[in-house]
Structure formats: structure tokens, C-alpha cells
Amino acid sequence: MSDQNPNPSGQVPGFPAGTPGANPPVIPPIGQMTPTGNSPTLGVSPAERAPISGVVGAIEAILRQPRRVMFCLKEPNPGGLITALLAIAITCSLVYGIIVGTFSGAEQLWAAPVKIAVGLMISTLICLPSLYIFSCLGGSQARLVEVFGLVAGLLALMTVLLIGFAPVAWVFSQSTKSVFAMGILHLAFWLVATIFGLRFLLAGFTHFNAKSFAGVQVWVVVFLLVAMQMTTALRPIVGRANSFLPAASDKKFFVNHWMDCIDAETNNVRQSAEAR
Amino acid sequence: MEFEPLTQGFRHIGAVLRGEPKPVDDCVRRWSVGTTVLYVALTVLGTAVYGAAMGWWRSPLQACFTAIKFPLIILLTTLGNGLLNGMLAPLLGINLSFRQSLQAILMSFMISGAILGSVSPVIFYLVWNAPQMTAHATGVYAFIQLTQVVVVAFAGVVANLRLEQLLQRVSGSATISRRVLYAWLAGNLFLGSQLSWILRPFIGSPEMRVEFLRKTAFDGNFYETVFRALRHLFSP
């Protein structure tokens, strides 16, 4: 029994065994996990040991059976699964990027998806070496390929959830002209999706005998900062500009950029009020 | 087959980072050239890459200079204090030979080198995103300087925690292990800060030329400068 699944058999009442929804994913609560304490060993259930094939299988597994993904990553040759997860992440981020681009239209219809997909991959590559080292410092037995697999799972889950938010984002982008408002909305969606992705990552590390999560938690903060800075480095993603990327002389940290946007929005609102 | 030593080395580094007692204790008790070379190589690689990230903001040439100087400080400190550290350990209660003391200290520097090397892409990224270094960008300069200090301090603290765990297992006493660690730290910090003073600059300054060593590198020392600064602060 766990907080998320009060039914000890793991089966949801009203759902016959074997049907989708019969066995919801069990994700142990974060911060209370121990290597062998609260969550059972991976692969105990036969369902967890079933191999994952194809991109659709990987999407199903990452959403409904995250423990199955973690088990497959621990098996020899997880390359196929990791490739599928990365393909999901890239494709979903491109699709979500198109939705982001519909706000401004024109060149943003291709520029936004490219920037989002490339930015996400570069942010991950920048942070990957430190994740491996910090996880080792925390006692994790995960090999580099397994760490890479967990990160691929994080990206896949994050971007699949962003696709879930895509219709909402599109509706808002068609009903407002404020770049600032749309920027905040997309950031909020990204943050929610990232939280779920990071839950998967942290849950994964519990099955690699991590004794301490302090290092990985520091890494989470670094990853979030790097990703948020990437949105500023690759601007504009929501609005439009004369160039694909900002000039070298226009480099700034994301906090400065956000303060500038808030100032600009405040001035816009004031001018609109005065015009009326 | 030819990758086996490499794989074993990689696994050993993972074991050291995780703080697994047996592999760490074995490599210090049974000194080997291969392990020493591995530790030195990883220390040099990690600190060189981090040094390059530190210096990149000023210019690519400063990055090259700092990539050479940062590992040099670590190696010169280790070698310069090698005899002293080897003598302090048995004097303060841990029966380690000179080679074992050197191996233990190299292990801790390897850990900090690995941490710094792994964080260097993030530092490169931070520097790449920073506005160009100018005389007026004092706020950004302070921010980058502070970030470097925090990262290096973090790497140092973690490395010394692992060293303390090793010394405690070898000595069987927390008090003795801390005594030896503090003695080693005092010596290394004393020599290391002066070497850092001589080998400055690391980040560089927009108002000064990019050079490997300042012309005044051997004029005065770190502690004299701190003393003068304190005197100026309290009695201008």
C-alpha cells in the first residue's frame, strides 16, 4: 500500500485486470524514499519486467509504468529505449514549439520549435556530467549510461506533458497579444511538466542505492537555472525580433531579462490606460 | 581488451566518489603507480577544464593561461607540502607512510578535480551568457567571482569530507583523523594561497593586459597584502 495507491492489490476497482487503467503507476513519495525501504525492488512484478518496444510503447510506459522504464534502463543494452525516449523528447518539444510559434506566426513557426528542442538538448548536455558526479557523491551505483537513461526519461515525460498543455497554450495564444503574458504561461507549463519529470528522475535514483539526495537536489536547482537562462540566451521564443538570436552585445542573465520585460509590460499597461 | 584498464580506472573513480570504504582504503594502503597516475591525470584534467572556464570571460588566451595555472597550483601544493604532510600524519597519530599520505591527499584533489570538471560546462555557459567584461561591469564581475568561490569551496568541502572519512577508517578515531586533516589543511591552505597569489590572475581584469604572470608576481605575498588591506580598513 502507498499514499498514491490505497488498494493493496494495486488494481483500481471497476477496471478489470489487464485493461488500461487497471494498475495505475505507483510513484513513491519524494523525500521519504530509501534505497530498500519504502519502494519495492524493481522487477518484482512481471509487468515491470516486460521489455519496452517502440516509441509508442515508451510513451505508454513513461506515463503509466515508470518503474518498468527504470527496470529496463538497468538491463543490459538500454540503448534502444534511451533512443526512443530521446526521440520522444525531441519530437514533442518540436510540436510544442510550433504551438508557441503560433502566437507570433511568420518565422516563429519554425524558429520557436528549433530553439525549444535545441535549447532543451543543450541544457541537458551541459548539466549531464555534473549529474553523474553528484549522484556518485550521493552513493548512487548508477552507471553513466543509466544516468543518461534517467535524464532521457525526464525529458520524455516533461515534453509529453507539454503536449498535454499544448491545446490550452494554443487557446491562450490566440486570445491575447501580450508577449509577457504568454511567456509567463509557457514558463508555468514548462515548470509543471519539469516537476513531473524530476519526480521520475529522483524516483529512479532510489533504485540505484543512492544514500543521499542532497547532490541530486543541488543538480535540480542547477538544471532549472540553466534551462531558464537558455530561454533568455535563445530569445525571442514567444515574440519577434530582427534577428534569430540576440546580438553578443545584448547578452544578459535571465533575471535581468525578466525585469526588463516586467518594466516594458508595466509601461505598456500605463500607456494603454493613459490613451483611454 | 585494451579498454579494460580504462574501464577499471573509471569504476575505481566511481567507487572513490561514492566513498566506498574497501576500494578507497585498498588504494591508499597498497600504493600503486597506476592509481597515482590516474589521480593526477583526473585532477589535472578536471581543474584545467575548470580553469579554462574561469579565464574564458576575459579572453581565450586567459582561458589557456588559467587552464595551466589552476592544475599547477594543486600539484605544486601537493608536492611542496608532501614531506610535511607525510611527517605530520604519524606525529599526530596515523601511521601512514609518505607515499600513503601523498596518495590520500591526491585522492582528495582528484575528487575536487572531478567535481570541478563536471561543473565546468555550467561555468562555461554562465560566462558565455555574461555581458562582455568591462571596467563598468563590476556587478557581473562580482557575481562571477562569487560563483567561482562557491563552486571551488563546494568541491573542496566534499573532497575533504571524503578524506576525513578515509582517515577515520585508517586511524579508528574521529579525533585523530580530524587533527591530521586540519593539520594538512592548514599547511595546504598556507602554501596554496601564496602560490595562488604568485600565479594570479585567474579571471583577469579588463583594465590590465592578459599575461601569464603579473610583473609584480614575486613582489610581496598574500598575507602581507591582506594585512595591509586590514590596516587600511581599520585605520585609513
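Preceding this paragraph is the structure being described.
Residues numbered from 1 in each chain as written. Chains lettered and ligands numbered in written order. Predicted model: local features only at pLDDT ≥ 70, side-chain atom pairs only at ≥ 80, totals over all residues.

Colleague: Tell me about the overall build of chain B, and please be specific about residues and values.
Modeller: A tally of regular secondary structure across chain B gives 9 helices and 0 strands. Secondary structure of chain B in N-to-C order comes out as α-α-α-α-α-α-α-α-α. Taking 2.2 N^0.38 as the reference for a compact globule, 236 residues should give roughly 18 Å; the C-alpha atoms of chain B span a radius of gyration of 19 Å, in line with that estimate. With the C-alpha coordinates aligned to their principal axes, the bounding extent of chain B is approximately 55 × 50 × 25 Å. Of all 236 residues assigned to chain B, the portion counted as buried reaches 37%. Intrachain contacts of chain B at a sequence separation of at least 6 include 72% that bridge at least 24 residues. (Helix = DSSP H or I, 4+ residues; strand = E, 2+ residues; numbered from the N terminus. Rg over C-alpha atoms; globule rule 2.2 N^0.38 Å. Buried ≥ 20, exposed ≤ 12 C-beta atoms within 10 Å, placed from the backbone. Contact = placed C-beta atoms within 7 Å.)

Colleague: Hey, could you go over the interface of chain B and chain A for me, with residue numbers and the actual values?
Modeller: Of the residues lining the interface, 15 residues belong to chain B; the matching set on chain A comes to 16 residues. Looking at the side of chain B that touches chain A, the elements that each hand over two or more residues are α1 (4-18) and α6 (98-129) of chain B. Looking at which element gives the most residues to the side of chain B that touches chain A, the answer is α6(B), with 8 residues. Broken down by class, the residue content of the side of chain B that touches chain A amounts to 10 nonpolar, 4 polar and 1 charged. (Nonpolar A, V, L, I, M, F, W, Y, C, P; charged D, E, K, R; others polar.)

Colleague: Residues and numbers for the nonpolar core, please.
Modeller: Formed by 129 residues in total, the largest nonpolar core has its most connected members in A:Leu85 and A:Ala156. Top element by residues in this core is α6(B). It accounts for 17 residues. Not counting chain neighbours up to four residues away, the residues in contact with A:Ala156 comprise A:Ala58, A:Ile62, A:Leu85, A:Ile88 and A:Ala89. (Core = buried A, V, L, I, M, F, W, Y, C linked by C-beta atoms within 7 Å.)

Colleague: Residues and numbers for the environment of A:Ile116, please.
Modeller: Residue and element names in this part refer to chain A. Examined against the element boundaries, Ile116 turns out to sit in helix α5 (residues 108-137). The exposure class of Ile116 is buried, given the 29 C-beta atoms found within 10 Å. Sequence separation between Ile116 and Ala58 is 58 residues, and the spatial gap between their C-alpha atoms is 22 Å. Residues within four places of Ile116 in sequence aside, it is in contact with Ser93, Tyr96, Gly97, Val100 and Ile237.

Colleague: Run through the packing of helix α4 (residues 79-101) of chain A against α5(A), naming residues and quoting values.
Modeller: To describe two helices that pack against each other, one gives the angle between their axes and the distance between the axes. Residues and elements named next belong to chain A. Packing of α4 against α5 leaves a shortest axis separation of 7 Å and a crossing angle of 140°. Considering only the axes of α4 and α5, their crossing is right-handed. Taking contact as the criterion, the partners of Ala89, Ile90, Ser93, Leu94, Tyr96, Gly97, Ile98, Val100 and Gly101 in α4 are, on α5, Gln108, Leu109, Ala111, Ala112, Pro113, Ile116, Ala117 and Leu120. Across the contact of α4 with α5, the residue classes break down as 13 nonpolar, 4 polar and no charged. (Axes fitted to C-alpha atoms, helices over the stretch in contact; angles between N-to-C directions. Left-handed = near helix turned anticlockwise from the far one by under 90°.)

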